[in-house]
Amino acid sequence: MSAQDEYWMGKALALAQQAAAVGEVPVGAVLIFNDVLVGEGSNRAITTNDPTAHAEIVALRHAAYHLQNYRLPDTTLYVTLEPCTMCVGALVHARIKRLVFGALEPKAGAVCSRFQLLQQKGFNHQLECQQGILESECGQVLSDFFHQRREQKKLS
């Protein structure tokens, strides 16, 4: 784990905390190209009524617009939670070079928890992957969010 990985994951974690503050599932993502942030996002599915508005997709859209290219080679995506199947597919299609994520997603994680999609040989692009950067911090923000939601339901 490098200091650079921790730095960028910290930025993604801040976005996750912002998402939690507005009632979204707290996941944040930043996309880096040549040590520069070119895209960022947090979950927005609830506030935008868009099931595809996961943090990773929002960050990819932001970067593609910024770089004026739907392909994002030589970039690294930092995301606080293991991506789902939709997001893994988007990372492959965007030609992301490297994925770095924090917490595992045991219910729907598509990198190593539930599915291992990046190990499939049929994809026309392979990307590097590293897990566990600021894992406990990323997991804690999710645990706190869902604990708070359960408490709110008890009170209503």
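Scroll up for the structure.
Residues numbered from 1 in each chain as written. Predicted model: local features only at pLDDT ≥ 70, side-chain atom pairs only at ≥ 80, totals over all residues. Heavy atoms only, no water.

A. A look at the sheet that holds strand β2 (residues 36-42). Strand order in the open sheet formed by 5 strands is β2-β1-β3-β4-β5, with mixed pairing between adjacent strands. Each edge of the open sheet carries a strand with a single partner, namely β2 and β5 (128-131). Between one strand axis and the next, the sheet turns by 15° as a mean value, whatever way the strands run. In the sheet, strand β4 (residues 98-103) pairs with β5 via 4 bridges, with the strands oriented parallel. The partner of valine 100 across the bridge, within β5, is glutamine 130. (Pairing = 2+ DSSP bridges. Helix = DSSP H or I, 4+ residues; strand = E, 2+ residues; numbered from the N terminus. Axes fitted to C-alpha atoms, helices over the stretch in contact; angles between N-to-C directions.)

B. Structural detail: the packing of helix α3 (residues 55-67) against helix α4 (residues 85-94). Contact geometry of α3 with α4 gives a least axis separation of 9 Å together with a crossing angle of 25°. What the angle tells us is that α3 and α4 run roughly parallel. As for the relative orientation of α3 and α4, their crossing is left-handed in sense. Facing α3, whose interface residues are Glu56, Ile57 and Leu60, α4 presents Met86, Cys87, Ala90, Leu91 and Ala94. A breakdown of the residues in the contact of α3 with α4 according to their chemical character gives 7 nonpolar, no polar and 1 charged. (Parallel < 35°, antiparallel > 145°, perpendicular 65-115°, else oblique. Left-handed = near helix turned anticlockwise from the far one by under 90°. Contact = heavy atoms within 4.5 Å. Nonpolar A, V, L, I, M, F, W, Y, C, P; charged D, E, K, R; others polar.)

C. Geometry of the packing of aromatic side chains. Scanning the entire structure with this criterion turns up 2 aromatic pairs. Residues tyrosine 7 and tryptophan 8 carry aromatic rings whose centres are separated by 4.9 Å and whose planes lie at 75° to one another, so their mutual orientation is edge-to-face. Residue classification places tyrosine 7 among the partly exposed residues on the basis of a relative accessible area of 46%. Between the aromatic rings of phenylalanine 145 and phenylalanine 146, the centroid separation amounts to 5.1 Å while the plane-to-plane angle is 80°, which identifies the pairing as edge-to-face. What makes phenylalanine 145 buried here is its relative accessible area of 6%. (Phe/Tyr/Trp six-rings, centres within 6.5 Å; stacked < 30°, edge-to-face > 60°. Buried < 20%, exposed > 50% of the residue type's maximum accessible area, 1.4 Å probe, protein only.)

D. Looking closely at the packing of helix α1 (residues 3-21) against helix α5 (residues 135-155). As a packed pair, α1 and α5 sit with axes 10 Å apart at the nearest point and diverge in direction by 5°. Of the possible angle classes, the one that applies to α1 and α5 is roughly parallel. On α5, the residues that touch Met9, Leu13, Ala16, Gln17 and Ala20 of α1 are Glu137, Cys138, Val141 and Phe145. Looking at side-chain class alone, the contact of α1 with α5 contains 7 nonpolar, 1 polar and 1 charged residues.

E. Broad picture of the nonpolar core. In terms of nonpolar packing, the biggest core is built from 43 residues, with Met9, Leu31, Leu60, Leu77, Ile96 and Leu99 touching the most fellow members. For this core, the secondary-structure elements that each account for two or more residues are α1, β1 (28-33), α3, β3 (75-81), α4, β4 and α5. Setting aside its immediate chain neighbours within four residues, isoleucine 96 contacts Leu31, Leu60, Leu72, Thr75, Leu77, Leu91, His125 and Leu127. (Core = buried A, V, L, I, M, F, W, Y, C linked by side-chain atoms within 4.5 Å.)

By themselves, these observations are geometric and do not establish any function.
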